[in-house]
Amino acid sequence: GVYGPKGEGLVQQLGLSSEVFARVHTFGKALGFRGAAVVGPHVLREYLVNFARPFMYSTAPDTASLRGIRQAYERQSQMTSERAALQENIRAFKSLAARFPELRFLQSNSPIQGVLVPGNAAVLEAERALEGAGFSARAIRAPTVPLGSERIRICIHAFNSREELEQAVAIVASVAQLAMREAHGA
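Because the structure is predicted, anything quoted here is derived from the model rather than measured.

## Examining helix α7 (residues 162-183)
At step 1: End to end, α7 covers 31 Å across 22 residues, agreeing with the expected 32 Å (1.5 Å per residue, within 8%).
At step 2: Where α7 is concerned, the buried positions are L165, A168, V169, I171, V172, A173, V175 and A176.
At step 3: On its buried side, α7 packs onto α5 (80-99), β3 (112-116), α6 (120-132) and β5 (151-155).

Next comes the structure, spelled out in structure tokens:
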């Protein structure tokens, strides 16, 4: 939903579809569903059907979900202005790094952005503060990430305003600054 002129994905955008053996199409995030599909040659399909134990013992998606996924794919191909707005919001978010030099932004060109907030307590506080302001962002804590590299994961959307992006980062910055002062005994 994000990459390529019709939202067909990074492989399509880069013109690599004939070079890639298999692709995973997720139904979350851009499509708003759950699950995924693996796309590839017949030999891959046969292998997965016969040897992929989690696949063999999982429940197939229901018909209503499959219809919804199909409609979402059809709709996403027409969402050119939304993809452009999303890319602009990603650029705007990344430009905030210069305005908040005390924060470390993780390198990403996708709608999923990370800001380091070291310490499990601090990153959980950032999550709570964002939630209190009406944002939904997730704390990624140790041991999921190495100790000291805890982060808040922010998912940017086409409908986000610049003010919302700035407000979210300002909240993270204030929590991170307070945590650093507390850590240094100030």
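The rest of the description comes next.
## Thoughts on the nonpolar core
At step 1: Counting residues in each nonpolar core, the largest one holds 29 residues, and the members touching the most others are F93, L103, F105, V115, L130 and I152.
At step 2: Those elements that provide at least two residues to this core are α5, α6, β5 and α7.

## Some remarks on the packing of aromatic side chains
At step 1: On inspection of all chains with the given rule, the structure shows 3 aromatic pairs.
At step 2: Pairing F27 with Y73 gives two aromatic rings, centres 6.4 Å apart and planes at 90°, and the pair type is edge-to-face. With a gap of 46 residues between them, F27 in the loop between β1 (23-26) and β2 (36-39) and Y73 in helix α4 (residues 63-76) connect regions that are remote in the sequence.

## Observations concerning α4
At step 1: Its 14 residues place the ends of α4 20 Å apart at the C-alpha level, agreeing with the 20 Å of an ideal helix rising 1.5 Å per residue.
At step 2: Within α4, the full set of buried residues consists of S65, G68, I69, A72 and Q76. The buried side chains of α4 occupy one side of the element, clustering within an arc of 100° when seen end-on. Away from its buried face, by an angle of more than 90 degrees, α4 presents the exposed residues R67, R70 and Q71.
At step 3: Elements that come into contact with the buried residues of α4 comprise α5.
At step 4: Regarding α4, its N-cap is D62, as a side-chain oxygen of that residue lies 3.2 Å from the backbone nitrogen of A64 further along.

## With respect to the environment of I140
At step 1: Mapped onto the secondary structure, I140 falls in strand β4 (residues 138-140).
At step 2: Through-space distance from the C-alpha of I140 to that of L116 is 9.4 Å; in sequence the pair is 24 residues apart.
At step 3: When sequence neighbours within four positions are dropped, the list of residues in contact with I140 reads V123, V145, E150, R151 and R153.

Thresholds, definitions, all that
Residues numbered from 1 in each chain as written. Predicted model: local features only at pLDDT ≥ 70, side-chain atom pairs only at ≥ 80, totals over all residues. Heavy atoms only, no water. Helix = DSSP H or I, 4+ residues; strand = E, 2+ residues; numbered from the N terminus. Expected span 1.5 Å × (residues − 1). Buried < 20%, exposed > 50% of the residue type's maximum accessible area, 1.4 Å probe, protein only. Contact = heavy atoms within 4.5 Å. Core = buried A, V, L, I, M, F, W, Y, C linked by side-chain atoms within 4.5 Å. Phe/Tyr/Trp six-rings, centres within 6.5 Å; stacked < 30°, edge-to-face > 60°. Arc of directions from axis to C-beta. Polar contact = N/O pair within 3.5 Å; in protein donor to acceptor, adjacent residues only side chain to side chain.

So, to be careful, I would describe these as geometric facts and stop short of saying anything about function.
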